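The residues making up each chain are set out below.
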Amino acid sequence: MPTSHLFDLSGKIAVVTGASSGLGQGAATLLAAQGAQVVAIARREDTLKAWSTVG
């Protein structure tokens, strides 16, 4: 079942730490795909910027 059928986060704000890679990036990507506004926090600015321009 596609995750789009599981939940809708439109109008919600999610704060994700460690968002530049691994589980943090996966969580941030999933939350954004479900409609949440994501505040992504990470130590590696270049990697974080690369992720934020993908969507």
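Everything in this summary refers to the structure shown in the same document. (Residues numbered from 1 in each chain as written. Predicted model: local features only at pLDDT ≥ 70, side-chain atom pairs only at ≥ 80, totals over all residues. Heavy atoms only, no water.)

**Some remarks on the overall build of the protein**
Rule in force here: Numbered from the N terminus, helices here are DSSP runs of H or I no shorter than four residues, and strands are runs of E no shorter than two. Throughout this description, buried means an accessible area under 20% of the type-specific maximum (1.4 Å probe, protein chains only), exposed means over 50%, and partly exposed covers the range between. By definition in these notes, contact holds between two residues if any of their heavy atoms fall within 4.5 Å. Every accessible area reported is derived by Shrake-Rupley at a probe size of 1.4 Å, with residue values counting cover from the shown protein chains alone.
When helices and strands are counted, the protein shows two helices and two strands. Its helices and strands taken in sequence order, the protein reads β-α-β-α from the N to the C terminus. When the 55 residues of the protein are sorted by exposure, 20% land in the buried category. Sequence-distant contacts in the protein: of pairs separated by 6 or more residues, those separated by 24 or more amount to 47%. Carbon together with sulfur atoms contributes 58% to the accessible area of the protein, which is approximately 4000 Å² in total.

**Structural notes on the nonpolar core**
Counted only if it meets this: Joining through side-chain atoms within 4.5 Å is the link that ties buried Ala, Val, Leu, Ile, Met, Phe, Trp, Tyr and Cys residues into a set, and such a set is a nonpolar core.
V16, A19, A28, L48 and W51 together form the largest nonpolar core, which totals five residues. Beyond its immediate stretch of four places on either side in the chain, W51 contacts Q25, A28, T29, V38 and A40.

**Observations regarding the side chain of S20**
Mapped onto the elements of the fold, S20 is located in the loop between β1 (13–17) and α1 (22–33). Here S20 falls in the buried class, since its relative accessible area comes to 6%. Sequence-distant contacts of S20, that is, excluding residues within four places in its chain, are made with Q25, A42, R44, T47 and L48.

**Observations regarding the environment of V15**
Mapped onto the elements, V15 comes out in strand β1. Taking the relative accessible area as the measure of exposure, V15 reaches 57% and is therefore exposed. A sequence separation of 21 residues divides V15 from A36, and the C-alpha atoms of the two residues are 9.8 Å apart. Non-local contacts of V15, meaning those with residues more than four positions away in its chain, are made with V39 and I41.

**Section: the pairing of strand β2 (residues 37–41)**
Rules: Being paired, for any two strands, means DSSP has found at least two bridges between them. Orient the strands so they point away from the viewer, and a crossover whose first-strand-to-second-strand path over the helix runs clockwise is right-handed.
Relative to β2, β1 is paired through five bridges, and the arrangement is parallel. From the neighbouring strand, T17 faces β2, where its bridge partner is I41. Note that the unit made of β1, α1 and β2 has a crossover that is right-handed.

Interpretation note: all reported values are geometric properties and have no functional meaning in isolation.
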